[in-house]
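Below, each chain spelled out in residue letters.
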Amino acid sequence: MSNEKTLFDEQIVSLRALSSIHQYLADSAASMDASSLLRSEYVLIVSAFDSYLHNIVRRKIRENFFASSFLPANFNLPITAYLSVHNEPNVAFQQQIFDASLRSILEKDSFQSPKSVEYALGLVNVKSVWTKASPVMGDTAEHIRDQLALIVKRRNQIAHESDIDPSTSMLRNIDLQTVNDCRDFLQRLVSVIDTFI
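Our subject in this report is the structure included herewith.

1. Quick notes on the overall build of the protein
No. 1: Broken down by element type, the protein carries 8 helices and 2 strands.
No. 2: Reading the protein from its N end, one meets helices and strands in the order α-α-α-α-α-α-α-β-β-α.
No. 3: Here the protein, with 197 residues, has 42% of them falling under the buried criterion.
No. 4: Taking the intrachain contacts of the protein between residues at least 6 apart in sequence as the baseline, contacts between residues at least 24 apart amount to 70%.
No. 5: Of the roughly 10700 Å² of accessible surface on the protein, a fraction of 53% belongs to carbon and sulfur atoms.
No. 6: Side-chain charges in the protein split into 19 positive and 23 negative, and the spacing between the mean points of these groups amounts to 4 Å.

2. Some remarks on the packing of aromatic side chains
No. 1: Counted under the stated rule, the structure contains 6 aromatic pairs.
No. 2: Measuring from centroid to centroid gives 4.4 Å for Phe65 and Phe98, while their planes differ by 10 degrees, and the two rings are stacked. Here the residue Phe65 occupies a position in helix 2 (residues 35-68), and Phe98 occupies one in helix 4 (residues 91-106), the gap between them amounting to 33 residues. Residues Phe65 and Phe98 agree in their burial class; the two are buried.
No. 3: Where Phe111 meets Tyr119, the ring centres are 6.3 Å apart and the plane angle is 50 degrees; that geometry is what we call tilted.
No. 4: We classify Phe111 as buried; its relative accessible area is 1%.
No. 5: Positioned above the aromatic ring of Phe196 is the side chain of Lys132, whose terminal nitrogen or guanidinium carbon lies 5.7 Å from the ring centre.

3. As for a nonpolar patch on the surface
No. 1: Taken together, Ile79, Tyr82 and Leu83 make up a surface patch of nonpolar side chains, about 290 Å² in accessible area.
No. 2: Mapped onto the elements of the fold, Leu83 is located in helix 3 (residues 79-87).
No. 3: Taking the relative accessible area as the measure of exposure, Leu83 reaches 41% and is therefore partly exposed.

4. Overview of the environment of Glu107
No. 1: Inspection of the secondary structure puts Glu107 in the loop between helix 4 and helix 5 (114-123).
No. 2: Separated by 102 residues in sequence, Glu107 and Lys5 have C-alpha atoms that sit 19 Å apart.

5. Remarks on the side chain of His54
No. 1: Along the chain, His54 falls in helix 2.
No. 2: For His54, a relative accessible area of 12% puts it in the buried group.
No. 3: In contact with His54, other than residues within four places in its own chain, are Leu106, Asp109, Ser110 and Phe111.

6. Things to note about unusual backbone geometry
No. 1: Of note, the phi angle at Asn125 is positive, near 65 degrees, even though the residue is not glycine.
No. 2: Mapped onto the secondary structure, Asn125 falls in the loop between helix 5 and helix 6 (129-137).
No. 3: A positive phi angle is found at Ser162, which is not glycine, with a value near 55 degrees.

7. As for the packing of helix 1 (residues 3-28) against helix 8 (residues 176-196)
No. 1: Where helix 1 contacts helix 8, the two axes come as close as 11 Å, and the packing angle between them is 175 degrees. What the angle tells us is that helix 1 and helix 8 run roughly antiparallel. On the side of helix 1, the interface is formed by Lys5, Phe8, Ile12, Arg16, Ser19 and Gln23, while helix 8 contributes Leu176, Val179, Arg183, Leu186, Gln187, Val190, Ser191 and Asp194.
No. 2: In the contact of helix 1 with helix 8, the residues fall into 6 nonpolar, 4 polar and 4 charged.

8. Here we look at the packing of helix 2 against helix 4
No. 1: It is at 10 Å that the axes of helix 2 and helix 4 come closest, and there the two elements cross at 135 degrees. Comparing their axes, helix 4 and helix 2 come out oblique. For the element pair helix 2 and helix 4, the recorded crossing hand is right-handed. Seen from helix 2, the contacting residues are His54, Val57, Arg58, Ile61, Arg62, Phe65 and Phe66; seen from helix 4, they are Gln94, Gln95, Phe98, Asp99, Leu102, Arg103 and Leu106.
No. 2: Per-class residue counts for the contact of helix 2 with helix 4 are 7 nonpolar, 3 polar and 4 charged.

Cut-offs applied
- Residues numbered from 1 in each chain as written.
- Predicted model: local features only at pLDDT ≥ 70, side-chain atom pairs only at ≥ 80, totals over all residues.
- Heavy atoms only, no water.
- Helix = DSSP H or I, 4+ residues; strand = E, 2+ residues; numbered from the N terminus.
- Buried < 20%, exposed > 50% of the residue type's maximum accessible area, 1.4 Å probe, protein only.
- Contact = heavy atoms within 4.5 Å.
- Areas by Shrake-Rupley, 256 points an atom, 1.4 Å probe, with all protein chains shown as cover.
- Lys, Arg positive; Asp, Glu negative; His and termini not counted.
- Charge placed at Lys NZ, Arg CZ, Asp CG, Glu CD.
- Phe/Tyr/Trp six-rings, centres within 6.5 Å; stacked < 30°, edge-to-face > 60°.
- Lys NZ or Arg CZ within 6 Å of the ring centre and 35° of its normal.
- Patch = residues over 30% accessible without salt bridge, like charges linked within 9 Å, V, L, I, M, F, W, Y side chains within 5 Å.
- Salt bridge = Lys/Arg side-chain N within 4 Å of Asp/Glu carboxyl O.
- Axes fitted to C-alpha atoms, helices over the stretch in contact; angles between N-to-C directions.
- Parallel < 35°, antiparallel > 145°, perpendicular 65-115°, else oblique.
- Nonpolar A, V, L, I, M, F, W, Y, C, P; charged D, E, K, R; others polar.
- Left-handed = near helix turned anticlockwise from the far one by under 90°.

Pasting the structure below:
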């Protein structure tokens, strides 16, 4: 298991506190709407997935670069960053400079949607992720992609639309099962991806 997966797992465990607080409030203060806790947890679960992918991609690109000066074909490292790394005699500082450059380049990317996950993993030479995940997850590649797309769509509704249904101007429903399904799916997907790295 990678350090990145360990960090992801720790984040997921800590986020469960939001579900617990929601349940406590539902049991002891039923008139209070605590659904924003579930929405927060949902968004943060997807964020943990995104963070996991960023961390894996940065580590693998860094390892490949320092092992063989290999960079992905569609990845552009600014010449100033390359020169800074090249001119630094201390290997640990070289890696810090390189990692800072990677962070700067990748921070604009969101690795959540199926297409962006394919792009991210393609940077570290993992191809056909959904086909590879299919037998392990016990589902078709298409259904895995579709499930992730639905999770990201729901996350975007919460994060970008305040989870308000434009047709009714009311909050969309969210329940603990929705959050659990999101968490379970992304935990399984991360476990599978981690075996490819």
